[in-house]
Amino acid sequence: MDPQPTPQNVKAEYWPQPTSGPIRVVIVPPRSSWLGTILKWSAAIVLVLLLIGLLNKKDTALTEKWHSLSTNATDKVAIISVEGTILGGESFAKKQIDQVREDEHVKAVVVRVDSPGGTVTGSDFLYHHLKELAREKQIPLVVSMGGIAASGGYYVSMAVGDVENTVYAEPTTWTGSIGVIIPHYDIVELLEKWNIKDDSIASNPLKMMGSPTRKFPEPIRAEEQKILQELVDSSFAGFKEIVLAGRPALRDNHSAQDVVFTGRIFTARQAQDNHLVDRLGFVEDAIDRAIELAGLDKSSVRVVKFEQAYGLVERMLFGPQGRQKPLELAALLEMAVPRAYYMCTWLPAAATLARR
């Protein structure tokens, strides 16, 4: 008897073929390659890390670091850093202010300013919250200026008020630049060479005030310049009020005012001669003055500073300093906004691309 054919020992033509009934098609997926397996596991690990990072990250909490003096004292002097371009909102500086406000052990604050300034609103925002911090906690503020404390950086420094010997500048500090600027760049002729025309539609020509791409007839251009100048003058008047409120020696010295309110920048020694700073010294000198004003014992004081807290994923992917802030579309759009600045620079809007 012939053996029964099987799939292993019979040619295809002898294999029984179905002649009726439904045909079933079975699709067997191909075996995953080693690369596909690695990618799948990598994606799963990344998702787990992201979940852990989200759970671990505290957006509002800052890491407190020991700076100097006692390592275990209860009473603290907190250093609040105001660095880089001041843009306002929930910045690192504002988070430091909030954390100090909630810490009952902070008895004095040193505001460490190393900034060329920023927007009018952002500078006033920090000034206001520093003043409120000192008022609510009834603690002294002392300013320590770093490499540059100009324009909006100087504005923020005035949060110390008119208390004697509370503004310290390092010997190499540049400060001053008391003034207001609305950056504006006219590129109309350049666009004309490229045969490009601004054909924007507006409810009124003045709605396009400050546009670098629109050429206005002379009556409208004159009105535009007048309005912008009034905005600058109003903000400048406010700046001068803040300075005179915090600089008693400058109030009745009109010859010094004629110098410092020109918008020029000063060395630390020149600033001291013109009553813009009280003492030349380093952050340690400012700390000593804060301790003195608070009536503390220097041997029983812990000086602390703050660092931004980062999640687990950010630390793993970008190191202990976390992820640097990327370039933002908003920063690019900022260049087209006719905004007023308390700032010492020729490119205020471009500075938003830098460290904040």
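A. Looking closely at the overall build of the protein chain. Within the protein chain, the regular secondary structure consists of 12 helices and 11 strands. Each of the 356 residues in the protein chain was classed as buried or not, and the buried ones make up 38%. A total accessible area of about 21400 Å² is found for the protein chain, and carbon and sulfur atoms account for 57% of it.

B. Here's a closer look at the nonpolar core. Counting 53 residues, the largest nonpolar core has V100, V109, L130, M145, I178 and L276 as its most contacted members. Once residues lying within four places of it in the same chain are set aside, the contact partners of V109 are A78, I80, V100, L133, I139, P140, L141 and V142. By size, the runner-up hydrophobic cluster in this structure holds 13 residues, among which are V142, I287, A290 and V303.

C. Main features of the pairing of strand β5 (residues 141-150). β5 sits mainly inside the fold: 8 of its 10 residues count as buried. In this structure, strand β3 (residues 106-115) lies alongside β5, joined through 6 bridges in parallel fashion. Pairing of V113 across the sheet is with M145, part of β5. The sheet contact formed by β5 and strand β6 (residues 167-169) spans 3 bridges and is parallel. Note on β6: the bridge partner recorded for S144 is Y168. This β-α-β element, β5 to helix α4 (residues 152-157) to β6, shows right-handed connectivity. Where β5 lies against strand β7 (residues 174-176), 3 bridges are found, and the strand directions are parallel. What sits directly across from A150, in β7, is G176.

D. Seen up close, the packing of aromatic side chains. Counted according to the given criterion, the structure contains 3 aromatic pairs. Here Y127 and Y155 contribute two aromatic rings whose centre-to-centre distance is 5.4 Å and whose plane-to-plane angle is 70 degrees, an arrangement assigned as edge-to-face. Taken as a pair, Y127 in helix α3 (residues 120-137) and Y155 in helix α4 lie far apart in primary sequence, 28 residues in all. We classify Y127 as buried; its relative accessible area is 12%. Members of the aromatic cluster, connected to one another through ring pairs, are Y127, Y155 and F239.

E. Up close: the pattern of salt bridges. Across all of its chains, the model carries 12 salt bridges by this definition. When the shortest N-O distance is used, the salt bridge between K76 and D103 registers 2.7 Å. On the criterion of sequence distance, the pair formed by K76 in strand β2 (residues 76-83) and D103 in the loop between α2 (92-101) and β3 is long-range, its members being 27 residues apart. E292 is the salt-bridge partner of R289, the closest N and O atoms lying 3.3 Å from each other. Placement of both R289 and E292 in helix α10 (residues 283-294) is noted, with a separation of 3 residues, approximately one turn of the helix. For R289, a relative accessible area of 13% translates into the label buried. The network of salt bridges with common partners includes E64, K76, D103 and R302.

F. The environment of L191, seen in detail. Within the secondary structure, L191 is located in helix α5 (residues 188-193). A C-alpha to C-alpha distance of 7.5 Å links L191 and T213, two positions 22 residues apart in sequence. Residues within four places of L191 in sequence aside, it is in contact with I196 and T213.

G. A look at unusual backbone geometry. The backbone phi angle of L69 is positive, close to 60 degrees, even though this residue is not glycine. Relative to the elements of secondary structure, L69 occurs in strand β1 (residues 62-69). Positive phi outside glycine occurs at N165, with the angle close to 55 degrees. Its location among the elements puts N165 in the loop between α4 and β6. Judged by its relative accessible area of 15%, N165 is buried.

So, how was this worked out
- Residues numbered from 1 in each chain as written.
- Predicted model: local features only at pLDDT ≥ 70, side-chain atom pairs only at ≥ 80, totals over all residues.
- Heavy atoms only, no water.
- Helix = DSSP H or I, 4+ residues; strand = E, 2+ residues; numbered from the N terminus.
- Buried < 20%, exposed > 50% of the residue type's maximum accessible area, 1.4 Å probe, protein only.
- Areas by Shrake-Rupley, 256 points an atom, 1.4 Å probe, with all protein chains shown as cover.
- Core = buried A, V, L, I, M, F, W, Y, C linked by side-chain atoms within 4.5 Å.
- Contact = heavy atoms within 4.5 Å.
- Pairing = 2+ DSSP bridges.
- Right-handed = clockwise from strand over helix to strand, strands pointing away.
- Phe/Tyr/Trp six-rings, centres within 6.5 Å; stacked < 30°, edge-to-face > 60°.
- Salt bridge = Lys/Arg side-chain N within 4 Å of Asp/Glu carboxyl O.

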